[in-house]
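# Residue-level structural notes
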Amino acid sequence: MNILVIGSGGREHALAWQCAKDDNVQQVYIAPGNAGTALEPKCQNVILETATSDSDHSPVIKFCQNNAIDMVIVGPEAPLVTGIIDACRDAGVRAWGPTAYCAQLEGSKTFAKEFMAENNIPTAAYQGFTDAASAKAYISEQGAPIVIKADGLAAGKGVIVAETVEQAYVAIDDMLADNKFGDAGSRVVIEQFLRGEEASFICMIDGENILPMATSQDHKRAFEGDTGPNTGGMGAYSPAPVVTPKIHDKVMAQVIQPVVDAMKAAGHPYTGFLYAGLMIDESGNPFVIEFNCRFGDPETQPILMRLQSSMVDLVNKGLAGQLPIQANWDARPALGIVIASKGYPETSSKGDVISGLPALDKQSSNTNDNHSSEAVKVFHAGTTFAHGKGTDNLNADAISDNVKEIITNGGRVVCVTALADTILDAQQAALTVTGAISFEGAQYRRDIGHHAIARDPS
């Protein structure tokens, strides 16, 4: 089999790595990929023809037809929102993900909130606004803390948790007056602030059948102690002990199944990954903070470190409408720490030389070996090569020694992910490798997994 993975982040590196482990896979292409995907066995980065617009997916289709691609896995949200799955299906290309209609759950906060209200899915109270004066009047009535969200896609950074009314006013001005997030912020959703502990609940859905993935918890805030601005994610771990079996059942019954039923009833069966970002209150009740229509990043990295089933087999079954109700998981926890570039999340630094990356043969290739107490894998995101043409059309065999110097190429640079007997062991194993990686302005959190460790410090 030949597989095409769309995207360039840590999620796509993890997906490509997991797919390449399948014996039935001959080649995994990643468009455009990064330095890490270029170095993986059986993987090759590719640059597709230039699209005429965001909604032009003909370059993907042409590549699939010319390279005998058996399956497309779409990583990021933007192409899903603009209809890449619809275009592939129309062309007879097998592609995994939700249609543009279903992807509105992520593409529009307003659509998602109205969808949840119509289908009795628990979520925070909200109002939507397009003008600053009305938004500020609503904030004045509600008080703080309060949450302001850009309506559209903002790369995980269009959410402001305002601790004061004044901070909320600044967020409104940034989005509605100063156009900080472009078209994504031309409309805002203002939400009630929910208290509790967050969790990520990700499923594979084939339109009818639901396969819950291993639970996880993301760390959105930039700084330790869950402080600072929201980011795309500074790290994650799996499983999330806050999601007890009882809460798991509640999420399936109150959140996931209603989505599947409603989309099917609307004539748009949901297929692909569905991510419910949850807040679990003190009584064990789940509330949806947001929906994402793809695998989470950085949750993908620790989740796929634990996956023992074949991802290729699962996607194949999903495309055939035959998803199983469960997969096989390593019982050990996994934890990933993101190293971000200088200035992230407001800005990012590019071109900084990265030192201390472990060689591929020094990383654990078989993370499902239960005889090994620890396994560490560095998944790349914002990386490229210092010489040559970046990562264009490269694989491990084509990269000579003089182009293997790796430099930063984005906000989140790598995610150091460890699998170990306990969550504390996984944290320490990840920190050991993280501490050896350096570049100018590198920043990371040392407390990833602190909620789980507080529950079980052993």
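Values in this document were obtained by computation on a predicted structure and should not be read as measured data. (Residues numbered from 1 in each chain as written. Predicted model: local features only at pLDDT ≥ 70, side-chain atom pairs only at ≥ 80, totals over all residues. Heavy atoms only, no water.)

## Structural notes on the side chain of D22
Of note, D22 is situated in the loop between α1 (10-20) and β2 (27-32). In this structure, D22 is buried with no salt-bridge partner, the nearest side chain bearing the opposite charge being K42 at 6.5 Å. Within polar-contact distance, the side chain of D22 engages the backbone nitrogen of N24 at 2.7 Å. Apart from residues no more than four positions distant in its own chain, D22 is found in contact with K42, S310, V312 and D313. (Helix = DSSP H or I, 4+ residues; strand = E, 2+ residues; numbered from the N terminus. Buried < 20%, exposed > 50% of the residue type's maximum accessible area, 1.4 Å probe, protein only. Lys, Arg positive; Asp, Glu negative; His and termini not counted. Salt bridge = Lys/Arg side-chain N within 4 Å of Asp/Glu carboxyl O. Polar contact = N/O pair within 3.5 Å; in protein donor to acceptor, adjacent residues only side chain to side chain. Contact = heavy atoms within 4.5 Å.)

## Here we look at the sheet that holds strand β16 (residues 271-280)
Across a sheet, strands are paired by hydrogen bonds formed along the backbone, either parallel or antiparallel in direction. Spatially, four strands are ordered β11-β10-β16-β17 in an open sheet, and the strand pairing comes out antiparallel. Because the sheet does not close on itself, it has two edges, and the strands there are β11 (210-212) and β17 (286-292). This sheet shows a mean twist of 30° between the axes of neighbouring strands, independent of strand direction. Pairing between strand β10 (residues 197-206) and β11: three bridges, direction antiparallel. Opposite I205, over in β11, you have I210 as the bridge partner. (Pairing = 2+ DSSP bridges. Axes fitted to C-alpha atoms, helices over the stretch in contact; angles between N-to-C directions.)

## Section: the environment of M234
Mapped onto the fold, M234 is located in the loop between β14 (227-230) and β15 (235-238). Ignoring any residue separated from it by four or fewer positions in sequence, one finds M234 in contact with D218, H219, R221, A222, I337, V338, A340, Y344, Q443, Y444, R445 and I448.

## Some points on the nonpolar core
Ranked by internal contacts, the top residues of the largest apolar core, which has 51 residues, are L4, V72, L105, F201, I256 and F291. Residue contributions to this core peak at nine residues, all from helix α10 (residues 245-265). When near neighbours in sequence (up to four residues on either side) are disregarded, F201 contacts P212, T215, V243, H248, V251, M252, I256, L274, Y275, A276 and L278. Of all hydrophobic cores here, the second largest spans 36 residues; its members include A14, V28, F295 and A334. (Core = buried A, V, L, I, M, F, W, Y, C linked by side-chain atoms within 4.5 Å.)

## Here's the deal with the sheet that holds strand β19 (residues 350-353)
Pairing is antiparallel in the open sheet, where three strands are placed in the order β19-β22-β21. Two strands lie at the open edges of the sheet, namely β19 and β21 (383-385), each paired on one side alone. Strand-to-strand, the axes of this sheet are offset by a mean angle of 40°, without reference to chain direction. The pairing of β19 with strand β22 (residues 406-409) spans two bridges and is classified as antiparallel. Residue V353 lies in a different strand from β22, and its bridge partner there is I407.

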